[in-house]
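Results of the structural survey
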Amino acid sequence: MRRSPLHIFEEAYRELRPGEPVPERKVEFFAFTNIKNTIRMRQGKLLIRLSDLLEGAPEPILRAIAHILLAKMYRKPVEREAATRYRRYVSSTDISRKAHLMRQVRGRKRLDSAQGRTYDLEKVFEDLNTRFFHGLLARPQMTWSRDHARNHLGHYDPAHNAIVVSRIFDHPGVPRYAVDYIVYHEMLHLKHPVKLRGSRRCVHSAEFQAEEKLFPRLEEVRRFLKQI
Ligand SMILES: [Zn+2]
């Protein structure tokens, strides 16, 4: 018999925090525009939303998701096995095909497009989300800037929940890893919300900087950005 998601989350909680009382939980499958899963704590109650694409997922996958979300919530390390299992599942052809269709159907029409001439920022975001964030970051609006500003490589605009990347990078001469790096940096701003200090918009905490160093080929990226 299939166990309910509520039950699966209860078990994952007990494994992660033995002896702690299990909080009330609400688990629902939600029609997000892409595959993502969210967890929040509201008044002592855990609110969990799973992408409806995962509704038919096998139990080990749901267990992996429960572990990943709870580990994030309680700042515990994510078990590599769970992360791998989940990543493999969402990147399996069947699921990624469904996700692609879903984005086409549910994705909103926008004035500014994420799809540039060379790079699709939504795809860049989703790839990085899978590679570095267990697919857990909710995708903001992704847009190429209208102008070709050089002083502003990219920025995250919390008011519009948008990541804007300078259009100079939407060019075949720009390596993918440079675009990846700029978007990765802005994704870290999403993950580490800015604690406002005066009027500074771009605050890079020690935690932020440590995580930024995880980006591969960082020296190469910085060298490239310097000469652009
Ligand atoms: Zn920054």
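With that out of the way, let us pick up the overall build of the protein. When helices and strands are counted, the protein shows eight helices and six strands. Listed N to C, the secondary structure of the protein is α-β-β-β-α-α-α-α-β-β-β-α-α-α in terms of helices and strands. For 228 residues, the compact-globule estimate of 2.2 N^0.38 gives 17 Å, and the protein sits close to it at 19 Å. Projected onto the principal axes, the alpha-carbon positions of the protein cover approximately 60 × 40 × 30 Å. Here the protein holds 228 residues, and 44% of them are scored as buried. If you take every contact in the protein between residues at least 6 apart in sequence, the share linking residues at least 24 apart comes to 53%. Summed over all atoms, the accessible surface of the protein reaches about 13400 Å², with 51% contributed by carbon and sulfur.

Time to look at the packing of aromatic side chains. The geometry of an aromatic ring pair is captured by two quantities: the separation of the ring centres and the angle between the planes. For the coordinates displayed, the defined rule picks out seven aromatic pairs. Plain terms: the ring middles of Phe133 and Tyr184 are 5.8 Å apart, the flat faces sit at 35° to each other, and that makes the pair tilted. Separated by 51 residues along the polypeptide, Phe133 in helix α5 (residues 121-133) and Tyr184 in helix α6 (residues 176-191) bring together distant segments of the chain. A residue is classified by how much of its surface remains accessible, and Phe133, at 3% relative accessible area, is buried. The class for Tyr184 is buried, based on a relative accessible area of 1%.

Axis separation between α6 and helix α8 (residues 218-226) bottoms out at 10 Å; the angle between their running directions is 95°. Between α6 and α8, the angle is such that the two are roughly perpendicular. Residues Tyr177, Ala178, Tyr181 and Ile182 of α6 form the contact with α8, whose participating residues are Leu218, Glu220, Val221, Arg222, Phe224 and Leu225. Partitioned by chemical class, the residues of the contact of α6 with α8 number eight nonpolar, no polar and two charged.

Take the packing of α5 against α6 next. At their nearest, the axes of α5 and α6 sit 10 Å apart, and the two run at 65° to each other. It follows that α5 is roughly perpendicular to α6 by the angle criterion. Two packed elements cross with a definite hand, and for α5 against α6 that hand is right-handed. Mapping the contact onto sequence places Leu121, Lys123, Val124, Phe125, Asp127, Leu128, Asn129, Arg131, Phe132 and Phe133 in α5 and Arg176, Val179, Asp180, Val183, Tyr184, Met187, Leu188, Leu190 and Lys191 in α6. Taken together, the residues of the contact of α5 with α6 sort by class into 12 nonpolar, one polar and six charged.

Strand order in the open sheet made by the three strands is β1-β3-β2, with mixed pairing throughout. Two strands close off the open sheet at either side, each with one partner strand: β1 (24-30) and β2 (37-42). Within the sheet, the average angular offset between the axes of one strand and its neighbour, ignoring direction, is 15°. Pairing analysis gives seven bridges linking β1 to strand β3 (residues 45-51), with the strands arranged parallel. Bridge pairing in β3 places Val27 opposite Ile48. Strands in contact with helix α2 (residues 59-73) are β2 and β3; relative to β2, the strand with the most contacts, it is inclined by about 45°.

Attention shifts here to the pattern of salt bridges. Going through the model one piece at a time under the given rule, you end up with 20 salt bridges. Of the charged contacts in the structure, one is a salt bridge between Arg97 and Asp94, with a shortest N-O distance of 3.3 Å. You can see Arg97 and its partner Asp94 sitting in helix α4 (residues 93-106), three residues apart, about one turn around the helix. Look at Arg97 and you get exposed, because its relative accessible area is 53%. On the basis of relative accessible area, Asp94 is assigned to the partly exposed category, the value being 35%. The closest approach of N and O atoms between Asp94 and Lys98, which form a salt bridge, is 3.5 Å. Residue Asp94 and its partner Lys98 are both found in helix α4; the two are separated by four residues, about one turn of the helix.

Criteria and thresholds
- Residues numbered from 1 in each chain as written.
- Predicted model: local features only at pLDDT ≥ 70, side-chain atom pairs only at ≥ 80, totals over all residues.
- Heavy atoms only, no water.
- Helix = DSSP H or I, 4+ residues; strand = E, 2+ residues; numbered from the N terminus.
- Rg over C-alpha atoms; globule rule 2.2 N^0.38 Å.
- Buried < 20%, exposed > 50% of the residue type's maximum accessible area, 1.4 Å probe, protein only.
- Contact = heavy atoms within 4.5 Å.
- Areas by Shrake-Rupley, 256 points an atom, 1.4 Å probe, with all protein chains shown as cover.
- Phe/Tyr/Trp six-rings, centres within 6.5 Å; stacked < 30°, edge-to-face > 60°.
- Axes fitted to C-alpha atoms, helices over the stretch in contact; angles between N-to-C directions.
- Parallel < 35°, antiparallel > 145°, perpendicular 65-115°, else oblique.
- Nonpolar A, V, L, I, M, F, W, Y, C, P; charged D, E, K, R; others polar.
- Left-handed = near helix turned anticlockwise from the far one by under 90°.
- Pairing = 2+ DSSP bridges.
- Salt bridge = Lys/Arg side-chain N within 4 Å of Asp/Glu carboxyl O.

Limitation: the analysis is restricted to geometry and does not speak to function.
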